[in-house]
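One letter stands for each residue in the lines below.
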Amino acid sequence: MNEGKKCLSLTFRTKNEKPMRIDILSVVPELLESPLNHSIVKRARAKGVVEIYIHNIRDWSKDKFRKVDDYPFGGEAGMVMMIQPVFDCINELTSQRKYDEIIYTSPDAPVFNQKTANELSLKENIMILCGHYKGIDHRIREHLVTREISVGDFVLTGGELPACIMTDAIVRLIPGAMSDESSALSDSFQDNLLAAPVYTRPAEFNGWTVPDILLSGNHAKIREWQEEQAYERTRLLRPDLLE
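Residues numbered from 1 in each chain as written. Predicted model: local features only at pLDDT ≥ 70, side-chain atom pairs only at ≥ 80, totals over all residues. Heavy atoms only, no water.

S.K.: Account for the overall build of the protein chain, with residues named and values stated.
M.R.: Helix and strand counts for the protein chain stand at seven helices and nine strands. Residues classed as buried in the protein chain amount to 40% of the 243 residues present. By sequence separation, contacts in the protein chain at least 24 residues apart represent 77% of the contacts at least 6 residues apart. Counting every atom, the protein chain has about 14,100 Å² of accessible surface; 51% of that belongs to carbon and sulfur. (Helix = DSSP H or I, 4+ residues; strand = E, 2+ residues; numbered from the N terminus. Buried < 20%, exposed > 50% of the residue type's maximum accessible area, 1.4 Å probe, protein only. Contact = heavy atoms within 4.5 Å. Areas by Shrake-Rupley, 256 points an atom, 1.4 Å probe, with all protein chains shown as cover.)

S.K.: Kindly report on the sheet that holds strand 5 (residues 101-105), identifying the contributing residues and their values.
M.R.: Working definition: the strands of a sheet are paired by backbone hydrogen bonds and lie parallel or antiparallel to each other. Taken in spatial order, the five strands of this open sheet run 2-1-6-5-7, and their pairing is parallel. Looking at the sheet topology across the chains shown, the edges are occupied by strand 2 (50-56) and strand 7 (147-149). Adjacent strand axes in the sheet meet at a mean angle of 20° when their direction is disregarded. Direction of pairing for strand 5 relative to strand 6 (residues 125-130): parallel, over a ladder of five bridges. (Pairing = 2+ DSSP bridges. Axes fitted to C-alpha atoms, helices over the stretch in contact; angles between N-to-C directions.)

S.K.: Mind laying out the state of the cysteines, listing which residues take part and the relevant values?
M.R.: Scanning all chains against the criterion turns up zero disulfides. Cysteine C164 shares no disulfide, and the gap to the nearest cysteine sulfur, in C130, comes to 7.6 Å. Taking the relative accessible area as the measure of exposure, C164 reaches 8% and is therefore buried. (Disulfide = S-S within 2.5 Å.)

S.K.: Before we move on, could you go through the side chain of H55 and cite the residues and values that matter?
M.R.: Summarising the element assignment, H55 is placed in strand 2. Judged by relative accessible area, H55 falls into the buried class, the value being 13%. A distance of 2.6 Å separates a polar atom in the side chain of H55 from a polar atom in the side chain of D23. Contact partners of H55, with chain neighbours within four places excluded, come to D23, I24, L25, S26, W60, C89 and L93. (Polar contact = N/O pair within 3.5 Å; in protein donor to acceptor, adjacent residues only side chain to side chain.)

S.K.: Describe unusual backbone geometry, with residues and values.
M.R.: Each neighbour pair has its own omega, and for R201 with P202 the value is 5°, a cis peptide bond. Examined against the element boundaries, P202 turns out to sit in the loop between helix 6 (160-171) and strand 8 (204-205). Of note, the phi angle at N206 is positive, near 60°, even though the residue is not glycine. Note on placement: N206 falls in the loop between strand 8 and strand 9 (208-209).

Quick look at the structure:
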């Protein structure tokens, strides 16, 4: 084992816990439908290990045209999500249940990572508020939001894609979501290392071969090789993870 490897103490939900609930608030809920209705997330919802509800903030607008944005004070360019529809939506949902976190997706927030995904996967109820336009009336962030998360140092049209990314990363950690639950334990970043290279059949293709150690059947040696490869790939590609 390389001395530079860092190990994390991981905690995961147990199978006998009640389903996790995720509420996502958006002004364009259509952007969320497809990503959250396929693959692991779809199977997790079907198994009842997670409940995901998508809410259209426009349903709480008091404007006859369901308007949810307005010009910012100060004359800056762009539009801002209005406080009233968002407040009323959050207020109604929080009157029905307690939320462990009310998360706002914003590019000017701490960046989402695997540690955050692990932490959030242990929660019972979380709410994700998707930003849009130029942003949201800051009073919502000051008084209602408990946590702000970014998916990177760049700006997207809205927070719907970040919400999908976070939801996917969180749900796959819930017991029962994946067919082989141990698979999540060997993912990149779970131990501050990138994952080792993976291969499958055929053992030779186009003259390219699989490392002999993986075909040896010696599981102790294979694990040792994987650990060495994980450390080396991290050292070359993401040395910041070893700091």
